[in-house]
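# Secondary and tertiary structure notes
Now for the letters of each chain:
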Amino acid sequence: MIKFFRKIRQNMITQNKVSKYLLYAIGEILLVVIGILIALQINSSNELKIQKEKAKINLIQIHSELARSIHNADFAIEDYRKRDSLLHIILDNKVSSDDYKKNTIPFLSSAISNYMTFQILDNGFESLMLDLSTLPTEYTSLVDDLKILYKSNKEDVDHFNTKIGNTASAHLESLRKTKTWFADYQYNYTATDEIIAYFLSDPFYKNDVAEFHNVAIQNHLGLIMWFRDKAINNYSAITKTLGLEEKVTDHQLEHLFDIKKYSHWQGSYIAGGEEKSQAGRPAKIFIENDSLFIDIYNSKREQIRIMSNGNFYLNRQSNIYLVKNDKNDELESFNLQGYKGNIEF
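Below is a short write-up of the structure. It should be emphasised that the depicted structure is a prediction, and the values quoted were computed from it without experimental measurement.

## Some details on the pattern of salt bridges
Considering all chains together, one arrives at 10 salt bridges under this definition. Note that R83 and D79 form a salt bridge whose closest N and O atoms lie 3.7 Å from each other. Of the two residues, R83 and D79 are both situated in helix α2 (residues 18-91); the distance of four residues between them amounts to about one turn of the helix. Classification of R83 by relative accessible area gives buried; the value is 8%. Accessibility expressed as a relative area gives 24% for D79, which makes it partly exposed. Close ionic contact of D158 with K154 constitutes a salt bridge, the shortest N to O distance being 2.6 Å.

## Quick word on helix α7 (residues 193-201)
If you check which residues of α7 are buried, you get I195, I196, Y198 and F199. All buried residues of α7 project into a common sector of 155° when viewed along the axis, lining one side. Exposed and oriented more than 90 degrees from the buried face of α7 are D193 and S201.

## Some remarks on the sheet that holds strand β2 (residues 282-288)
Across a sheet, paired strands are connected by hydrogen bonds in the backbone, their directions being either parallel or antiparallel. Read across the open sheet, the five strands follow the order β1-β2-β3-β4-β5; overall the sheet is antiparallel. Edge positions in the sheet fall to β1 (267-270) and β5 (312-314), since each has one partner strand and no second. Adjacent strand axes in the sheet meet at a mean angle of 30°, parallel and antiparallel pairs treated alike. Taken strand by strand, helix α8 (residues 203-242) contacts β4 (300-306) and β5, and its axis lies near 110° from that of β5.

## Some thoughts on the side chain of N161
With respect to the helices and strands, the residue N161 is situated in helix α5 (residues 140-178). The class for N161 is buried, based on a relative accessible area of 10%. A polar side-chain atom of N161 sits 3.0 Å from the main-chain amide nitrogen of F118.

## Quick word on helix α4 (residues 123-130)
Residues G124, F125, L128 and M129 constitute the buried set of α4. Projected down its long axis, α4 shows its buried positions confined to an angular sector of 140°, all on one face. The exposed residues of α4 that point more than 90 degrees off its buried face are N123 and L130.

## So, the packing of α4 against α5
Contact geometry for α4 and α5: axes closest at 11 Å, N-to-C directions at 125°. Between α4 and α5, the angle falls in the class oblique. Crossing handedness for the pair α4 and α5: left-handed. Side by side, α4 and α5 meet where F125, L128 and M129 of the first sit next to V143, L146, K147, Y150 and K151 of the second.

## Some thoughts on the side chain of E65
Residue position: E65 is located in helix α2. Within the buried core, E65 has no salt-bridge partner, and the shortest N-O distance to an opposite charge, that of R68, equals 5.6 Å. A polar contact is formed between the side chain of E65 and the backbone nitrogen of G124, at a distance of 3.0 Å.

## Considerations on the pairing of β4
Examined bridge by bridge, strand β3 (residues 291-296) and β4 share four bridges and lie antiparallel to one another. Residue pairing across strands places I294 opposite E302, the latter belonging to β4. The pairing of β4 with β5 spans three bridges and is classified as antiparallel. Bridge pairing links R305 to Y313 in β5.

## Side note on the packing of α7 against α8
Between two packed helices, the angle of one axis relative to the other and the distance separating the axes together describe the packing. The interhelical angle for the contact between α7 and α8, taken along N-to-C directions, is 60°, at an axis separation of 6 Å. Considering the angle they form, α7 stands oblique to α8. The handedness of the crossing between α7 and α8 comes out as right-handed. Note on element contacts: α8 touches α7 through P203, Y205 and K206, opposite Y198, F199, L200 and S201. Grouping the constituent residues of the contact of α7 with α8 by class yields five nonpolar, one polar and one charged.

## Remarks on the nonpolar core
Grouped together as the largest cluster of nonpolar side chains are 67 residues, with contacts concentrated most on L59, I62, L66, L128, L146 and I238. Secondary-structure elements contributing two or more residues to this core are α2, α4, α5, α6 (182-188), α7 and α8. Among residues more than four places away in sequence, those in contact with I238 are L59, I62, H63, L66, L142, L146, G243 and L244. Judged by nonpolar contacts, the second largest core, of 13 residues, contains Y269, I285, I306 and F312.

## Re the packing of aromatic side chains
The final tally for this structure, using the stated rule, is 10 aromatic pairs. One aromatic cluster is present, formed by Y100, W181, Y185, Y198, F199 and Y205 through successive ring pairs. A cation over a ring is seen here: K284 above F286, with NZ or CZ 5.8 Å from the ring centre.

What counts and what doesn't
Residues numbered from 1 in each chain as written. Predicted model: local features only at pLDDT ≥ 70, side-chain atom pairs only at ≥ 80, totals over all residues. Heavy atoms only, no water. Salt bridge = Lys/Arg side-chain N within 4 Å of Asp/Glu carboxyl O. Helix = DSSP H or I, 4+ residues; strand = E, 2+ residues; numbered from the N terminus. Buried < 20%, exposed > 50% of the residue type's maximum accessible area, 1.4 Å probe, protein only. Arc of directions from axis to C-beta. Pairing = 2+ DSSP bridges. Axes fitted to C-alpha atoms, helices over the stretch in contact; angles between N-to-C directions. Contact = heavy atoms within 4.5 Å. Polar contact = N/O pair within 3.5 Å; in protein donor to acceptor, adjacent residues only side chain to side chain. Parallel < 35°, antiparallel > 145°, perpendicular 65-115°, else oblique. Left-handed = near helix turned anticlockwise from the far one by under 90°. Lys, Arg positive; Asp, Glu negative; His and termini not counted. Nonpolar A, V, L, I, M, F, W, Y, C, P; charged D, E, K, R; others polar. Core = buried A, V, L, I, M, F, W, Y, C linked by side-chain atoms within 4.5 Å. Phe/Tyr/Trp six-rings, centres within 6.5 Å; stacked < 30°, edge-to-face > 60°. Lys NZ or Arg CZ within 6 Å of the ring centre and 35° of its normal.

By themselves, these figures tell us nothing about what the structure is for.
Here it is in structure tokens:
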């Protein structure tokens, strides 16, 4: 082909057809330019495909890690639900010497000496941030929301992960330095009269319990709930954008998106039980925008969060709510724990 075009050029020169040669030369240059542009376009298209595939791989990993973080949040919330009740009976002086001696209340003597942290997995997000300059524009809104989740929300949770550990450690350090029975308490789990007297009547212990409740329930729990809500929103957005609906079942999170299964719970309920001051007051359960809500006393509308362990809660920091259903999944009654007492509907 090259010899063919060279022969044409030579014939034009020998025949003194300069004008035709110039036109031919310009045409040949244009063909070369067009060829280069096509090659660049193909190369650019291939590069975009590679960038999109890399971003997709990172987003799929983030999707999986969000699922695990949501399950971690459910575990933490359930633990704090139990811990909240435990701390309240201590602060309200509703425990006895026998409770410590007979160990009738689990973890009573270690209510503030053990703690848990909430692990947020972010390897996929950190990997995505390394290639941010080549991110396809179609993923921009996803990444903007993920930045808020992993930068702002995660930093707040991590701060209180550290603080709850420091609070528990400070309590144990105080006991180690001031109580001769510390070794028996810490390693032998001995419940002597002296140890029990400390738990029941020492004002500084009550101060430590109050501080632990503030850090754990009022702050750490609230941040975990907040992160969980945002994580679910991001998980849902990635699911829809990448078409990962089949992964929802694999991640055991179908309960978050199959709200219609609770449609038979909708209706009006009346407060009863031992709280006579609240008896007869109304509550309503309903579905709106693919979410389950409760309207308490026609004034307090809150979303009912559904956990992977089958329990439920409302988004409040100091009060944990448990909705109860019978074996047939018919909601005959439910119990609000912490809202102006323990109220049954």
